Amino acid sequence: MRGRPLLPSSLSSSAEDSGPFLHLAGVRNSQARASSPPRARWGCARPGPALVPAVPRLRSGRGAGAGPAGEAREAREPMGTLGGAGLAAAAAGRARTLGMEGERRASQARSSGLPAGGADGESPGGGTTFPGSSGSSALLQAEVLDLDEDEDDLEVFSKDASLMDMNSFSPMMPTSPLSMINQIKFEDEPDLKDLFITVDEPESHVTTIETFITYRIITKTSRGEFDSSEFEVRRRYQDFLWLKGKLEEAHPTLIIPPLPEKFMVKGMVERFNDDFIETRRKALHKFLNRIADHPTLTFNEDFKIFLTAQAWELSSHKKQGPGLLSRMGQTVRAVASSMRGVKNRPEEFMEMNNFIELFSQKINLIDKISQRIYKEEREYFDELKEYGPIHILWSASEEDLVDILKDVASCIDRCCKATEKRMSGLAEALLPVVHEYVLYSEMLMGVMRRRDQIQAELDSKVEALTYKKADADLLPEEIGKLEDKVECANNALKADWERWKQNMQNDIKLAFTDMAEENIHYYEQCLATWESFLTSQTNLHLEEASEDKP
Amino acid sequence: MEGRGDGEWGGGASLTERRGGRGRGGSAGALGSPRRTAAMEQAPPDPERQLQPAPLEPLGRSDAGLGVAVDEEAEGAREEGSGGDTMTHNNFWLKKIEISVSEAEKRTGRNAMNMQETYTAYLIETRSVEHTDGQSVLTDSLWRRYSEFELLRNYLLVYYPHIVVPPLPEKRAEFVWHKLSADNMDPDFVERRRIGLENFLLRIASHPILCRDKIFYLFLTQEGNWKETVNETGFQLKADSRLKALNATFRVKNPDKRFTDLKHYSDELQSVISHLLRVRARVADRLYGVYKVHGNYGRVFSEWSAIEKEMGDGLQSAGHHMDVYASSIDDILEDEEHYADQLKEYLFYAEALRAVCRKHELMQYDLEIAAQDLASKKQQCEELATGTVRTFSLKGMTTKLFGQETPEQREARIKVLEEQINEGEQQLKSKNLEGREFVKNAWADIERFKEQKNRDLKEALISYAVMQISMCKKGIQVWTNAKECFSKM
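Conventions and cut-offs
- Residues numbered from 1 in each chain as written.
- Chains lettered and ligands numbered in written order.
- Predicted model: local features only at pLDDT ≥ 70, side-chain atom pairs only at ≥ 80, totals over all residues.
- Heavy atoms only, no water.
- UniProt positions renumbered as here; feature names shortened; annotations may be inferred.
- Helix = DSSP H or I, 4+ residues; strand = E, 2+ residues; numbered from the N terminus.
- Buried < 20%, exposed > 50% of the residue type's maximum accessible area, 1.4 Å probe, protein only.
- Areas by Shrake-Rupley, 256 points an atom, 1.4 Å probe, with all protein chains shown as cover.
- Pairing = 2+ DSSP bridges.
- Axes fitted to C-alpha atoms, helices over the stretch in contact; angles between N-to-C directions.
- Core = buried A, V, L, I, M, F, W, Y, C linked by side-chain atoms within 4.5 Å.
- Salt bridge = Lys/Arg side-chain N within 4 Å of Asp/Glu carboxyl O.
- Disulfide = S-S within 2.5 Å.
- Contact = heavy atoms within 4.5 Å.
- Buried area = accessible area lost by both parts, 1.4 Å probe.
- Parallel < 35°, antiparallel > 145°, perpendicular 65-115°, else oblique.
- Left-handed = near helix turned anticlockwise from the far one by under 90°.
- Nonpolar A, V, L, I, M, F, W, Y, C, P; charged D, E, K, R; others polar.
- Expected span 1.5 Å × (residues − 1).
- Bend = angle between axes of the 7 residues up to and from the residue.
- Phe/Tyr/Trp six-rings, centres within 6.5 Å; stacked < 30°, edge-to-face > 60°.
- Lys NZ or Arg CZ within 6 Å of the ring centre and 35° of its normal.
- pLDDT = per-residue confidence, 0-100.
- Polar contact = N/O pair within 3.5 Å; in protein donor to acceptor, adjacent residues only side chain to side chain.
- Patch = residues over 30% accessible without salt bridge, like charges linked within 9 Å, V, L, I, M, F, W, Y side chains within 5 Å.
- Lys, Arg positive; Asp, Glu negative; His and termini not counted.
- Charge placed at Lys NZ, Arg CZ, Asp CG, Glu CD.

Per an unreviewed UniProt entry, chain B goes by the name Sorting nexin-4 and belongs to Cebus imitator. Taken from UniProt, the Subcellular location (unreviewed entry) comment for chain B reads in full: "Early endosome membrane". Regarding chain B, the UniProt comment filed under Sequence similarities (unreviewed entry) reads as follows: "Belongs to the sorting nexin family."

Identification of chain A as Sorting nexin 7 from Cebus imitator is taken from an unreviewed UniProt entry. Quoted verbatim from the Subcellular location (unreviewed entry) field of the UniProt record, the comment on chain A reads "Early endosome membrane".

Draft legend 1. Main features of the overall build of chain A. Across its full length, chain A holds 18 helices and three strands. Among the 550 residues that make up chain A, the fraction classed as buried is 55%. Carbon and sulfur atoms provide 56% of the accessible area of chain A, an area that totals close to 24000 Å².

Draft legend 2. Summary view of the overall build of chain B. Each helix and strand counted, chain B has 16 helices and three strands in total. For chain B, buried positions account for 52% of its 489 residues.

Draft legend 3. Layout of the sheet that holds strand S1 (residues 195-206) of chain A. Residues and elements named next belong to chain A. The strand order S1-S2-S3 describes an open sheet built from three strands, whose pairing is antiparallel. Single-partner strands in this sheet number two, and they are S1 and strand S3 (230-236). Along the sheet, successive strands turn relative to each other by an average axial angle of 20 degrees, direction set aside. Pairing analysis gives seven bridges linking strand S2 (residues 211-221) to S3, with the strands arranged antiparallel. Within the sheet, the bridge partner assigned to Ile-217 lies in S3 and is Val-233.

Draft legend 4. Just the nonpolar core, in detail. If you look at the biggest cluster of nonpolar residues, it comprises 126 residues, and the most contacted ones within it are A:Trp500, A:Trp530, B:Tyr297, B:Phe301 and B:Trp304. Those elements giving two or more residues to this core turn out to be helix H16 (347-395), helix H17 (402-467) and helix H18 (474-548) of chain A together with helix H13 (257-304), helix H14 (312-386) and helix H16 (407-488) of chain B. If you tally residues by element for this core, the top one is H16(B), at 23 residues. In this structure, B:Ile99, B:Leu142, B:Leu168 and B:Ile209 belong to the second largest nonpolar core, which totals 36 residues.

Draft legend 5. Region of the structure containing the pattern of salt bridges. Throughout the structure, instances matching the rule amount to 49 salt bridges over all chains. Here B:Arg258 and B:Asp256 are joined by a salt bridge, their closest N and O atoms 4.0 Å apart. Each of A:Asp200, A:Glu201, A:Glu203, A:Arg216, A:Glu232 and A:Arg234 takes part in a single network of salt bridges with overlapping partners.

Draft legend 6. Layout of the state of the cysteines. What the rule picks out here adds up to zero disulfides over all chains. The thiol of A:Cys415 is not disulfide-bonded; the next cysteine sulfur, from A:Cys526, is found 3.6 Å away.

Draft legend 7. Highlighting the pairing of S2(A). Residue and element names in this part refer to chain A. With respect to burial, S2 is a largely interior element, eight of its eleven residues being buried. Bridge count between S1 and S2: ten bridges; the pairing is antiparallel. Within S2, the position partnered with Glu-203 by the bridge is Thr-214. Counting the residues between successive antiparallel strands, the hairpin from S1 to S2 contains four residues.

Draft legend 8. The interface of chain A and chain B, seen in detail. On the chain B side, the residues contacting the 58 residues of chain A number 58 residues. Taking both sides of the interface into account, the surface hidden between chain A and chain B amounts to around 5700 Å²; carbon and sulfur atoms contribute 75%. Three residues stand out in chain A for area buried against chain B, namely A:Tyr387, A:Trp394 and A:Tyr523, and they jointly supply 13% of the buried area on that side. Taking the shortest distance from any N to any O, the salt bridge between A:Glu398 and B:Lys453 comes out at 2.7 Å.

Draft legend 9. The arrangement of the packing of helix H11 (residues 237-250) of chain A against helix H12 (residues 273-293) of chain A in detail. Residues and elements named next belong to chain A. The geometry of H11 relative to H12 is characterised by a closest axis approach of 12 Å and an angle of 30 degrees between their N-to-C directions. Taken together, the axes of H11 and H12 lie roughly parallel to each other. Handedness of the crossing formed by H11 with H12: left-handed. Where H11 abuts H12, its residues Tyr-237, Phe-240, Leu-243, Lys-244 and Leu-247 lie against Arg-280, Leu-284, Phe-287, Leu-288 and Ile-291.

Draft legend 10. Spatial organisation of unusual backbone geometry. Within the chain, A:Glu201 stands out as a residue other than glycine whose phi angle is a positive 45 degrees. Summarising the element assignment, A:Glu201 is placed in strand S1.

Draft legend 11. Structural view of the packing of H12(A) against helix H13 (residues 301-308) of chain A. Residues and elements named next belong to chain A. One way to put it is that H12 packs onto H13 with a least axis distance of 11 Å and a crossing angle of 135 degrees. Put simply, H12 runs oblique to H13. For the crossing formed where H12 meets H13, the hand is left-handed. Contact residues: H12 offers Leu-288, Ile-291 and Ala-292, while H13 offers Phe-303, Phe-306 and Leu-307. In terms of residue class, the contact of H12 with H13 is built from six nonpolar, no polar and no charged.

Draft legend 12. Quick peek at H17(A). Between its first and last C-alpha atoms H17(A) spans 94 Å; for 66 residues at 1.5 Å apiece the expected length is 98 Å, and the two agree. A bend of about 30 degrees at A:Ala427 is the largest found in H17(A).

Draft legend 13. Summary view of the packing of aromatic side chains. A complete count under the given rule lists 32 aromatic pairs over all chains for this structure. Ring geometry for B:Phe259 and B:Trp443: centres 5.4 Å apart, planes at 70 degrees, overall edge-to-face. Placement of the pair is B:Phe259 in helix H13 and B:Trp443 in helix H16, with a sequence separation of 184 residues. An identical accessibility class is assigned to B:Phe259 and B:Trp443; each is buried. Taken together, the ring pairs connect A:Phe355, A:Phe359, A:Tyr437, A:Tyr440, A:Trp497, A:Trp500 and B:Trp304 into an aromatic cluster. The ring centre of B:Trp143 lies 4.5 Å from the NZ or CZ of B:Arg107, which sits over that ring. Directly above the aromatic system of B:Tyr119 lies the positively charged group of B:Arg145, at a separation of 3.8 Å from the ring centroid.

Draft legend 14. Spotlight on the environment of A:Asp274. Structurally, A:Asp274 can be placed in helix H12. Residue classification places A:Asp274 among the exposed residues on the basis of a relative accessible area of 61%.

Draft legend 15. Just the confidence of the model for chain B, in detail. Residue and element names in this part refer to chain B. Mean pLDDT for chain B: 74, with 70% of residues reaching 70 or above. Mean pLDDT values over the elements of chain B span from 31, in helix H3 (residues 35-40), up to 91, in H13. When the criterion is pLDDT under 50, residues 1-92 qualifies, and its contacts beyond four places in sequence or with other chains add up to 185 contacts. Model confidence for the complex is summarised by a pTM of 0.67, with the ipTM given as 0.73.

Draft legend 16. View of the side chain of B:Arg203. Tracing the backbone through its elements, the reader meets B:Arg203 in helix H8 (residues 187-205). Of the polar contacts made by the side chain of B:Arg203, one reaches the side chain of B:Glu345; its length is 2.6 Å.

Draft legend 17. Examining a negative patch on the surface more closely. The grouping of B:Glu408, B:Glu411, B:Glu418, B:Glu419 and B:Glu423 at the surface amounts to a negative patch. Note on placement: B:Glu418 falls in helix H16.

Draft legend 18. Structural view of the confidence of the model for chain A. Residue and element names in this part refer to chain A. Averaged over all residues, the pLDDT of chain A is 67; the fraction at 70 or higher stands at 56%. Note that residues 1-191 has pLDDT below 50 and, in this model, 319 contacts with residues that lie over four places away or in other chains. Residue range residues 266-271 is modelled with pLDDT below 50. Its contacts to residues more than four positions away, or to other chains, number 13 contacts.

Laid out in structure tokens, this is it:
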């Protein structure tokens, strides 16, 4: 929780503007680079420039909090884990709690954030072991700050910059300004990650009560808040479920990556248990890495616990936190309010909602089609396996056709192998991606629902205020908080939405391009097979012809 | 009408070439040479031709027809053995003719029991090709229905027992996969049968012996009264009823190994081809599925494109390519169906081969019975002459009971027996001769058949490879286009 969230457009623009300077100063750590692109986009994607108060944005960056408890924790964390630099974030966090007066506090936060960042950068043992070039970064901030002094976003930036700085002691990773610019464009630099997670070695456990499978999770990281650079834990599906619940709770309007379903009844996986486990393992692997790649979620404390804690630690953690009952209460409340419906849902969310509905419909169809294709291909493959050998069988009774029949058989055999390859290509490249997005579409609906709930809560209070003036003293403050919350939720969603959409488009594009390539490759293989057959046959004919002539 | 040319059984290319060799190039030379050589004259298939399926020719006339030239001298010399009376010496046969089954038509009529029935009639056109300008002139065109083709074949089977008579296409579609209809009025099926029937006529016309049959000639030229003419030949009486009993086996003491092998082979051929066809139908079924399911992407992509700004165009056109991909399978499998028909022809040839074997078996059986009969008569005769009874017999008993017969009586009986023996020997001799002649002729035709089969199957397999290649090329094309669309998204 380092207040990852916002890298406003001001940074990107200033970064570009001050290119040469950055060139000199440009030593930043990998994490900053890896995670800034989305931030940059968040900044850019923000619709009304400078109209949205800075403070809510701050919060949205932090995952839109989750009520008072969340705020408290967030405020605590930066100080605890990040040391001095966290002050900026902490200040910002505090500022947020004061709600509407964001503007003023924002500047406070900025002023406190800047020196904190600078100081921290220079302090050698500032609690963080992250490499980076502190001095120049400090300079960078100063410079950028000068350039952007009037920017409304600045405090966010300065905080961010200081955080980056704090994280960046990296002497070995000089960065070119290009990479700075690159950040703004795409998240296409997976190699700049600082958190590497692998899920492997499924192991089945049989107890008297239940049978379950655990997966080994290995985490390698260079991040400071981890006590070690490598962790190995075993987790079962339920633990993943817990993590997902925690993330949803902490970030109700962030798009949490989907977990594979508890039971997969569909298509290919039902037949082979091993297949099922493998498919799930891959999906879980993807799930954790998606979180690791997410600009905000990656710093979630529960995520860290999930990756590092020993089994007993984890279970004790699971017992903490709001109990099931209180959560239920929340849900009931939320449902109740959402039942009343959301008045005037902002148009952009209407659009989003429409998109999600259509997207969900289409992606579900595509999933079905792809599964069906896989099934048809499998059956085709099964039949084709039989087709070749018949020719061999036949060749036994045909003296003059032995060779040609055997050749045909071997051609069919090779095509059969190519079919198998195409099939596994489909199963690996397309099916999981499409299916993940089916689950994503469900997650999105959940996110939309939660957003509506938050708004509904506000709406109901506003309504109450207009009708009964009774609690008039208390309500405004509450409303202020709620408005903040809505704003946060909305901003978090909007920002994450663009990031998600970009990812989705990339993934889908890639998956289908792969599939097309797989098919091209398949046909090329078959083509080569049959063409060589034909060449050998026509050569034979030509030989026969030339023998006949003399 | 289109595509008729490349749909022939036995490979369009080969028939065309066969025709070309005989019709144009070697009209004079080929006329004098024995037919069998003419049939084998066929040049090795031109490699370039094989790379592309036989060209489509409008109406498929020239491709579908077959020039048949028969020379009169050779005819007279070789036809004596097999019923010269059915042979025609019509001048018509001096000209080359082209035969085509050019149209199929659904008809309703009344059958013998005055019941309403629907059937398909096929238009048979024969054209004579003038030597000078190569223009063909329509000489005859008439309608025949499937049952008449059947009649023709039954007649040929009876009159030419030593010949592997070309089979008819299936009456009802077999080895179908789900898309194909088993209904024998289905247009695609009718079309394939039309091609099959045409091929049947071409096979007969290109056969060195069958092509000169009068009934066949009349089949092509005389619409009315043809049935009556066939029945007048009395072929049904001539037909050996024993041949019809399907599972009747005759215990032949000394079977000709060549024929037993052949019988064995035809069984194997039949089983392996039907197995192959079954699997092929299933493979086709699945392939159809794989392609068609891709078509669903087309619709979904295009609907999805409505909500995607950046990916919209790419999705839309990728969807279009998926549609193309899905519909390309129709043509691919339609082509493959012709390959299947080529194999089916040989599946049915297996039955024709067996018919020859059975006929041979039957003759061998008759021969052995006659020989046995003769031997027993000779023995009787000997017994009478020497007065010894080697084996216990009724006659021996009666002699013992009623005393010896008079020498006169004995003389008379010996005489009768000797006459019978003589007759039997004659009969055996002629049967032997007949058998040898049959074996000789049958084997010659079997050799011819084998050559034809090897050639045709080789061509069929090569044409299968060509189809696969064209399918792969189509696939590469579509997916390359689709990939471009996807990567532009």
